[in-house]
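For reference, the chains in residue letters:
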Amino acid sequence: MIALEARPEASRALALASPALAIVLTLLASAALIAALGRDPLSALHVYFVSPFLDGYSRAEILVKATPLALMGAGLAISFRANVWNIGAAGQYTLGALAAGAVALAAPEARSALWLAPYLAAGVAGGMLWAAAPALLRTRFGANEILVSLMLTYVAGLLLDWLVRGPWRSPLSFGFPQSRDFAEAFVLPVILDGTRLHVGAPAALLIAAALALLMARTLRGFSVRVIGASPRAGAFAGFGESGTVWFALLLSGGLAGLAGAIEVGAVIGKIQPDIGASAGFTAIIVAFLGRLNPLGAVLGALVLAVSVIGGENAQILLKLPKNVTGVFQGMLLFFLLACDVLIRWRVVWRRKGAA
Amino acid sequence: MEPFLISVMIAATPFLFAATGELVAERSGVLNLGLEGMMLMGAVTAFAATSATGSHLLGALAGAGAGVAMALVFAVLAISLMANQAATGLALTIFGIGASGLVGQPFIGQPLDSLAKLPVWDATALTRVITGHDPMTYLALAMAGGVAWFLYRTRAGLALRAVGDSHGSAHALGLPVTATRYAAVLFGGAMAGLGGAYISIAYTPMWGENMTAGRGWIALALVVFATWRPGRLVAGAYLFAAVTQAQFYGQALAIPSQFLAMAPYLATIAALVVISRDKALTRANAPACLGRPFRPDR
């Protein structure tokens, strides 16, 4: 029978190969799913995973979609590494967008690019505020941060809904629930003419690189890794657990808030009922695909961004339902978790009875 | 007051199903965060089966079956392959949201007859509140009672609690740790499926994307709130249901509906804080091996 045997040491090679293996398995399972929906799997996979690369505009769109995913994925990678389960990034993203939006709507005549500083700072603060609640409730009262951060995501969604239908609804929107367009100052500069690629993309890469450095080279990074691996060992080393909880939540929340501010500023240009907050859940997969490493999360964000754009293309070209993308993403995480078993365990054949 | 209490009886049912199942899984030491995904799959499958066969019984069974199928994926990954339970549960929810939306697309906007209600015993206010509901309302209560009896009055229930409290000792005593956890997780899946089915074929007989609206997550909080004890879980389910229903009575107060809709989520946070701050209470009752994978050393 098949059995698992512990490896003497976790395999570094398989830790890197596991995401690739998981992607291949997801492609195979997706092909089967599309065939089951009565479509030609090869042409559908072509639309999903090749069509986003075919022209310059689409290639730039991959980077546009990857930007918020990379920012949030990098933050979540560190949080998960610390064993702090912030799954409310979607809510922190929304709050970041709303706090930044409040700045933008308060300055309808803004022209100077200097306005971006308070705008982005408000986004970070909004995300941090929303993440501070689970941090406070966990460190003070021991309340589970998974449930608190998730509940606050629903609250954030309702707050957004109230604002766009109530106080922030534009008088020029013909009753549609959306705010006024932001002034020009809040639209992040485009860096590639003819596309929507904006400065947020290289900024996200820089931030991820800085975070990778922080994790690898600083005492804070070391303490996060120790506490995540073993809170007891962390306590003996003198690293406080609550400090780590605060750090992980404020960092991942702040980055999610920044992602929200960047997305509504650069891509949407106003506050509307759907501001793409579901990327906060996709970012969980991004973090795992990137091996809980901030730079890995950038790669993970690119992979997921391709699938998101491919999914939009498939919706238009093949009339495939948009939920197919969600199924792909869920399967990807399943396969990834299954493949990760190989990092610590070896699969061996053992005859029954022989132990 | 009577209409309010009647609506609370109904609204508590999905919480009762899902949280009772999760309580059993957690008591065996497995934390399944995929409740929301399992409920959604249960809801869409039950709706599809009911509208295909016209039988609510078959629909509910199909919903339970869908929950079991989802739970099996979780069990293979989290129990056999020792994957991180939190991550696996999240994957289950992400997958369930996508897959239920995909399967449910043809059913959006379709009508369905609600599950028939039993006759009301119109003697007193109390009988009018507690009688006259559909059979699933009573099944949920019976299941919670059955689980309480099982956990505290049977040998198998004692074994299940032992597995959750110390899987090493349980294994040394010859108890089947892996098989017990599989059974507990699959039971949890069936119950989550029934909870979802109740929403789509009885509570609001229709299918809509994400129609469980976070009830799976609230049910997870309910298990913590109940400190893993079935009796407190029943009380908690009615309390949470009362909070969800109270929002519909707040509309007269000229508060924007969005703020009223926040009430269940904020109340969940408040409930978690109240229970979690009492360390002695949670530590005495929480299964000691909750979330820890087990692999027997030969």
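Every value quoted in this text rests on a predicted model; they were computed, and no experiment measured them.

Rules used in this analysis
- Residues numbered from 1 in each chain as written.
- Chains lettered and ligands numbered in written order.
- Predicted model: local features only at pLDDT ≥ 70, side-chain atom pairs only at ≥ 80, totals over all residues.
- Heavy atoms only, no water.
- Helix = DSSP H or I, 4+ residues; strand = E, 2+ residues; numbered from the N terminus.
- Rg over C-alpha atoms; globule rule 2.2 N^0.38 Å.
- Buried < 20%, exposed > 50% of the residue type's maximum accessible area, 1.4 Å probe, protein only.
- Contact = heavy atoms within 4.5 Å.
- Areas by Shrake-Rupley, 256 points an atom, 1.4 Å probe, with all protein chains shown as cover.
- Lys, Arg positive; Asp, Glu negative; His and termini not counted.
- Charge placed at Lys NZ, Arg CZ, Asp CG, Glu CD.
- UniProt positions renumbered as here; feature names shortened; annotations may be inferred.
- Axes fitted to C-alpha atoms, helices over the stretch in contact; angles between N-to-C directions.
- Parallel < 35°, antiparallel > 145°, perpendicular 65-115°, else oblique.
- Left-handed = near helix turned anticlockwise from the far one by under 90°.
- Nonpolar A, V, L, I, M, F, W, Y, C, P; charged D, E, K, R; others polar.
- Patch = residues over 30% accessible without salt bridge, like charges linked within 9 Å, V, L, I, M, F, W, Y side chains within 5 Å.
- Salt bridge = Lys/Arg side-chain N within 4 Å of Asp/Glu carboxyl O.
- Polar contact = N/O pair within 3.5 Å; in protein donor to acceptor, adjacent residues only side chain to side chain.
- 1 Å grid on protein atoms, 1.4 Å probe; cavity = no way out; pocket = protein on both sides within 12 Å on 5 of 7 lines; lining within 4 Å.
- Points joined across faces, edges and corners; volume = space filled by probe spheres on them.
- Phe/Tyr/Trp six-rings, centres within 6.5 Å; stacked < 30°, edge-to-face > 60°.
- Core = buried A, V, L, I, M, F, W, Y, C linked by side-chain atoms within 4.5 Å.

1. Here we look at the overall build of chain B
Of regular secondary structure, chain B possesses 13 helices and zero strands. Written out in order from the N terminus, the α and β elements of chain B read α-α-α-α-α-α-α-α-α-α-α-α-α. A globule of 298 residues ought to have a C-alpha radius of gyration of about 19 Å, and chain B, at 19 Å, matches this closely. With respect to the principal axes defined by its C-alpha atoms, chain B has extents near 60 × 40 × 40 Å. Burial status across chain B gives 57% buried among its 298 residues. Sequence-distant contacts, at least 24 apart, represent 77% of the contacts inside chain B between residues at least 6 apart. In the form shown here, chain B has an accessible surface area of approximately 11,500 Å², with 69% of it arising from carbon and sulfur atoms. In chain B, 16 positive and 11 negative side-chain charges are present, and the distance between their average locations comes to 14 Å.

2. A word on the UniProt feature "transmembrane region" (unreviewed entry) in chain B
All names here are of chain B. Mapped onto this structure's residue numbering, the UniProt feature "transmembrane region" (unreviewed entry) falls at residues 31-50, 57-83, 89-108, 136-152, 182-204, 216-241 and 253-275. Regarding residues 89-108, the helix share stands at 80% and the strand share at 0%, and the terminal C-alpha atoms are separated by 27 Å. Structurally, residues 216-241 is divided into 85% helix and 0% strand, and its ends, taken at the C-alpha atoms, are 13 Å apart.

3. Regarding the packing of helix H2 (residues 35-53) of chain B against helix H4 (residues 85-104) of chain B
All names here are of chain B. Contact geometry for H2 and H4: axes closest at 7 Å, N-to-C directions at 15°. The orientation of H2 relative to H4 falls into the category roughly parallel. Seen from above, H2 lies across H4 with left-handed handedness. The segment H2 lies against H4, with Leu 35, Glu 36, Gly 37, Met 38, Leu 40, Met 41 and Val 44 engaging Leu 92, Thr 93, Gly 96, Ile 97, Ala 99, Ser 100, Val 103 and Gly 104. Grouping the constituent residues of the contact of H2 with H4 by class yields nine nonpolar, five polar and one charged.

4. Points about a nonpolar patch on the surface
All names here are of chain A. Taken together, the side chains of Leu 21, Val 24, Leu 25 and Leu 28 present a nonpolar region at the surface, about 330 Å² in accessible area. Mapping Val 24 onto the fold places it in helix H1 (residues 12-36). Relative accessible area serves as the criterion here: at 44%, Val 24 is assigned to the partly exposed category.

5. Overview of the environment of Ser79(A)
Residues and elements named next belong to chain A. With respect to the element layout, Ser 79 can be found in helix H3 (residues 56-81). Taking the C-alpha atoms as reference points, Ser 79 and Ala 90, separated by eleven residues in sequence, lie 15 Å from one another. If near-sequence neighbours (up to four positions away) are discounted, Ser 79 is found in contact with Val 84, Asn 86, Ala 248 and Ser 252.

6. A word on the side chain of His167(B)
Residues and elements named next belong to chain B. Mapping His 167 onto the fold places it in helix H8 (residues 167-172). Given a relative accessible area of 7%, His 167 falls into the buried group. In terms of polar contacts, His 167 uses its side chain to reach the side chain of Arg 181, at 3.1 Å.

7. Looking at the UniProt feature "transmembrane region" (unreviewed entry) in chain A
Residue and element names in this part refer to chain A. With numbering matched to this structure, UniProt assigns "transmembrane region" (unreviewed entry) to residues 87-107, 113-133, 145-164, 197-215, 245-269, 281-306 and 326-343. Structurally, residues 87-107 is divided into 86% helix and 0% strand, and its ends, taken at the C-alpha atoms, are 33 Å apart. As annotated, residues 113-133 has a helix share of 86% and a strand share of 0%, and its two end C-alpha atoms lie 32 Å apart.

8. Some thoughts on the layout of surface pockets
By volume, the second largest pocket amounts to about 1,800 Å³. Lining the second largest pocket are 50 residues, and of these Asp274(A), Gly276(A), Ala277(A), Ser278(A) and Ala279(A) sit closest to its centre. At the level of secondary structure, the elements contributing two or more residues to the lining of the second largest pocket comprise H3, helix H4 (89-106), helix H6 (145-165), helix H10 (241-268), helix H11 (279-289), helix H12 (294-317) and helix H13 (323-339) of chain A together with H4 of chain B. Considering each element in turn, the lining of the second largest pocket owes the most residues, eight residues, to H6(A). Looking at the lining of the second largest pocket residue by residue, the classes come out as 24 nonpolar, 17 polar and nine charged.

9. Here's the deal with the pattern of salt bridges
Taken as a whole and assessed by the stated rule, the structure comprises eleven salt bridges over all chains. A salt bridge links Glu209(B) to Lys322(A), with the shortest nitrogen-to-oxygen separation between them at 3.6 Å. Taken together, the positions of Glu209(B) in the loop between helix H9 (177-203) and helix H10 (215-225) and Lys322(A) in the loop between H12 and H13 put the pair across two chains. Residue classification places Glu209(B) among the partly exposed residues on the basis of a relative accessible area of 36%. Judged by its relative accessible area of 46%, Lys322(A) falls in the partly exposed class. Of the charged contacts, one joins Asp134(B) and Lys117(B) as a salt bridge, the two residues approaching to 4.0 Å between their closest N and O atoms. Placement of the pair is Asp134(B) in the loop between helix H5 (125-130) and helix H6 (135-153) and Lys117(B) in the loop between H4 and H5, with a sequence separation of 17 residues. Overall, Lys117(B) belongs to the partly exposed group, its relative accessible area being 49%.

10. Observations concerning the packing of aromatic side chains
Summed over the entire model, instances satisfying the criterion amount to 16 aromatic pairs over all chains. Ring geometry for Phe80(A) versus Trp85(A): centroids 4.9 Å apart, planes at 25°, classification stacked. Under the relative-accessibility criterion, Phe80(A) is labelled buried at 3%. Each ring, one from Trp162(A) and one from Phe259(B), has its centre 4.7 Å from the other, and the planes form 70°; the classification is edge-to-face. In this pair, Trp162(A) is assigned in helix H6 and Phe259(B) in helix H12 (residues 257-276), connecting two distinct chains.

11. Considering unusual backbone geometry
Within the chain, Lys319(A) stands out as a residue other than glycine whose phi angle is a positive 55°. Here Lys319(A) lies in the loop between H12 and H13. Its identity is not glycine, yet Thr227(B) carries a phi of approximately 45°, on the positive side. Mapped onto the elements of the fold, Thr227(B) is located in the loop between H10 and helix H11 (230-249).

12. Quick word on the nonpolar core
Ranked by internal contacts, the top residues of the largest apolar core, which has 207 residues, are Tyr119(A), Phe186(A), Phe288(A) and Trp217(B). A total of 14 residues in this core trace back to one element, the largest contributor, which is helix H1 (residues 2-27) of chain B.

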